[in-house]
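# Architecture and fold: a report
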Amino acid sequence: MKKRNLSKLFVVLLTVVLLTGCNEKETENINQSVPAKEDTIIESSAGTEKIEIPAEDIEGLQKITCSREATGEDDSDVELNYELYVDGDYIQILHSMEEIITDDQDILDEYENAYKGIYEHYKDLEYYDTSVIRTKNSVTNDTVINYGKIDTDKLLEIEGEEDNVIKDGKVKLDDWIDFAEQFGTECDN
């Protein structure tokens, strides 16, 4: 692949990582996903596997949905959807669903491998769960970060404190939305 195309891929992946708090996880084969930790339920629907958030974790929280569409490498479509579960001014849970859609298997391979590489940094971090779903024409990275339970010190060790939305062990809703809007994300708040 040309160096220019690798640069584009890196920028897209960096943006995705920054918006989700830096997480990715992958699979070895098409239609497989990385097993979730015990506190996450994976449910099969329409041939894909999605991370489901336990009902008790979101009970009483306000749900805000956000999304962004983009064009990826070689006109592949990129759909970014976020569900924010909020208590007052702070995000307790971030559910990020990032999908790359294209018929180009080389591009799908690149994204799948990139997600795998990024996930390696987070695989031992409890309350940071990811499932990567590969189909014939897409790769979806489904991530749940439970900021209410996660060890934010360990998360910051992985991500670094500079330009991070985590402040004093919490993620303020306004900070996350301000950051995400810089990349064209729109929320229903």
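This one's a predicted model, so the numbers in the text were calculated from it and none came from an experiment.

Conventions adopted
Residues numbered from 1 in each chain as written. Predicted model: local features only at pLDDT ≥ 70, side-chain atom pairs only at ≥ 80, totals over all residues. Heavy atoms only, no water. Phe/Tyr/Trp six-rings, centres within 6.5 Å; stacked < 30°, edge-to-face > 60°. Helix = DSSP H or I, 4+ residues; strand = E, 2+ residues; numbered from the N terminus. Buried < 20%, exposed > 50% of the residue type's maximum accessible area, 1.4 Å probe, protein only. Lys NZ or Arg CZ within 6 Å of the ring centre and 35° of its normal. Arc of directions from axis to C-beta. pLDDT = per-residue confidence, 0-100. Contact = heavy atoms within 4.5 Å. Pairing = 2+ DSSP bridges. Patch = residues over 30% accessible without salt bridge, like charges linked within 9 Å, V, L, I, M, F, W, Y side chains within 5 Å. Areas by Shrake-Rupley, 256 points an atom, 1.4 Å probe, with all protein chains shown as cover. Salt bridge = Lys/Arg side-chain N within 4 Å of Asp/Glu carboxyl O. Lys, Arg positive; Asp, Glu negative; His and termini not counted. Charge placed at Lys NZ, Arg CZ, Asp CG, Glu CD.

In this structure the tally under the stated criterion is four aromatic pairs. Ring plane angle 70° and centroid distance 5.4 Å describe the contact between Y82 and W176, whose orientation is recorded as edge-to-face. One end of the pair, Y82, is in strand β4 (residues 77–87); the other, W176, is in helix α5 (residues 173–181), and 94 residues separate them in sequence. What makes Y82 buried here is its relative accessible area of 1%. A cation sits over an aromatic face here: K170 above Y90, 4.9 Å from the ring centre.

Turning to α5, its buried residues are L173, W176, I177, F179 and A180. Along α5, the residues classed as buried sweep out an arc of 165° about the axis, all on the same side.

When pLDDT is averaged along the protein chain, the result is 78, and 74% of the positions lie at 70 or above. Ignoring residues within four places in sequence, the model shows residues 1–48, a span with pLDDT below 50, making 128 contacts including any to other chains.

Right, let's get into the pairing of strand β6 (residues 128–134). A large share of β6 lies buried, amounting to seven of its seven residues. Alternating residues of β6 divide into Y128, T130, V132 and R134 and D129, S131 and I133, and every residue in both groups is buried. With seven bridges joining them, β6 and strand β7 (residues 138–146) adopt antiparallel strand pairing. Bridge assignment links I133 to a residue of β7, and that residue is T140. Linking β6 to β7, which pair antiparallel, is a turn of three residues.

Right, let's get into a negative patch on the surface. On the surface, D89, D174, D175, D178, E181 and E186 cluster together into a patch of negative charge. Counting residues per element, the negative patch draws most heavily on α5, at four residues. Structurally, the position occupied by D178 is in helix α5.

Attention now moves to the pattern of salt bridges. When the charged atoms of two side chains lie near each other, side chains of opposite charge can form a pair. Applying the stated criterion to the full structure yields six salt bridges. The salt bridge involving K63 is made with E83; its shortest N-O contact spans 3.6 Å. Here the residue K63 occupies a position in strand β3 (residues 62–71), and E83 occupies one in strand β4, the gap between them amounting to 20 residues. The exposure class of K63 is partly exposed, given its relative accessible area of 41%. When the shortest N-O distance is used, the salt bridge between E112 and R134 registers 2.5 Å. Taken together, the residues span a long stretch of sequence, with E112 in helix α3 (residues 105–119) and R134 in strand β6 at a distance of 22 residues. Its relative accessible area of 5% is what places E112 among the buried residues.

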